[in-house]
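Next come the chains, spelled out residue by residue.
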Amino acid sequence: MYGIDLLIKEHLNIIAFTEYMKNCCCAILEGADVNAAQFMECIDFARSYADKHHHGKEEQILFRHMLENPTPATEKLVRNGMLVEHDFGRFHITELENSLKLYNNYPCTKNRLSIITHAAAYADLLQRHIQKEDNVCFTYAQRMLSSAEKNQIDEQTKIFEKKAEQDGVQNKYLTWLDERLSCSLSHFPTF
């Protein structure tokens, strides 16, 4: 199924991004200064690629179809699980941005801790979330959706992807990620 296969492929990019964010946090723990510009770039990637682009397809297409005739299991999995975790991710990104603003005005240890806390919490949340989607949610969707629904999801995903491609979303953010990952290999330890 194209729609789900694409989401799984994008998960690999998001996992690589969360590892990069963790490396940024580790650098601070090891004594580096807070690089506010670096974290603002991470916030942009999180909001534009991971949330608007990737979660957009999940929420507007796949999950919407799954919730059209929900069973109690679907309600629990999607509405009370996946969607809640998307909102927790948004919370951590907003708090990371707020922490960076506070740190810029008052660069103290407590504000450094807040930056690390929300960046690392976001990374951990997404890593666990992706495992659940790949191993539970998407498998469940493949079983419960009809062939007609799967075809609709695939077609709607293709339209969504084409629009994003025209807007340069994939190129911009995947190029940024590739550059950061190649640079970070030489600057940060791998854990």
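Scroll up to find the structure this text is about.
As the structure is a computational prediction, the values presented were derived from the model and not from experiment. (Residues numbered from 1 in each chain as written. Predicted model: local features only at pLDDT ≥ 70, side-chain atom pairs only at ≥ 80, totals over all residues. Heavy atoms only, no water.)

A closer look at the side chain of Arg180
Turning to step 1, where the next piece is worked out: Tracing the chain through its elements places Arg180 in helix 6 (residues 169-187).
Turning to step 2, where the next piece is worked out: On the accessibility criterion, Arg180 (19% relative accessible area) is buried.
Turning to step 3, where the next piece is worked out: Every residue in contact with Arg180, bar those within four places of it in the chain, is listed here: Tyr20 and Glu41. (Helix = DSSP H or I, 4+ residues; strand = E, 2+ residues; numbered from the N terminus. Buried < 20%, exposed > 50% of the residue type's maximum accessible area, 1.4 Å probe, protein only. Contact = heavy atoms within 4.5 Å.)

With respect to the packing of aromatic side chains
Turning to step 1, where the next piece is worked out: Overall, the coordinates contain seven aromatic pairs when judged by the stated rule.
Turning to step 2, where the next piece is worked out: With centroids separated by 5.8 Å and ring planes inclined at 90°, the aromatic side chains of Tyr20 and Trp176 adopt a geometry described as edge-to-face. Residue Tyr20 is found in helix 1 (residues 2-29), and its partner Trp176 is found in helix 6; the two are separated by 156 residues along the sequence.
Turning to step 3, where the next piece is worked out: The exposure class of Tyr20 is buried, given its relative accessible area of 3%.
Turning to step 4, where the next piece is worked out: Look at Trp176 and you get buried, because its relative accessible area is 11%.
Turning to step 5, where the next piece is worked out: Both rings, one in Phe45 and one in Tyr173, keep their centres 6.0 Å apart while their planes meet at 75°; by these two values the pair is edge-to-face. Of the two residues, Phe45 is situated in helix 2 (residues 36-66) and Tyr173 in helix 6; the sequence distance between them amounts to 128 residues. (Phe/Tyr/Trp six-rings, centres within 6.5 Å; stacked < 30°, edge-to-face > 60°.)

Points about the nonpolar core
Turning to step 1, where the next piece is worked out: Of all hydrophobic cores here, the largest spans 31 residues; its most connected members are Phe17, Phe39, Leu96 and Tyr122.
Turning to step 2, where the next piece is worked out: Of all elements in the fold, only helix 1, helix 2, helix 3 (72-105), helix 4 (109-144) and helix 6 reach the threshold of two or more residues within this core.
Turning to step 3, where the next piece is worked out: In contact with Phe17, other than residues within four places in its own chain, are Cys42, Phe45, Ala46, Tyr122, Trp176 and Leu177.
Turning to step 4, where the next piece is worked out: Among the nonpolar cores identified, the runner-up in size contains 18 residues, and Ile4, Phe63, Met66 and Ala141 belong to it. (Core = buried A, V, L, I, M, F, W, Y, C linked by side-chain atoms within 4.5 Å.)

Quick word on the state of the cysteines
Turning to step 1, where the next piece is worked out: In this structure the tally under the stated criterion is zero disulfides.
Turning to step 2, where the next piece is worked out: Cys25 takes part in no disulfide bond, and the closest cysteine sulfur to it belongs to Cys24, at a distance of 6.9 Å.
Turning to step 3, where the next piece is worked out: Residue Cys25 is classed as buried on the basis of its relative accessible area of 4%. (Disulfide = S-S within 2.5 Å.)

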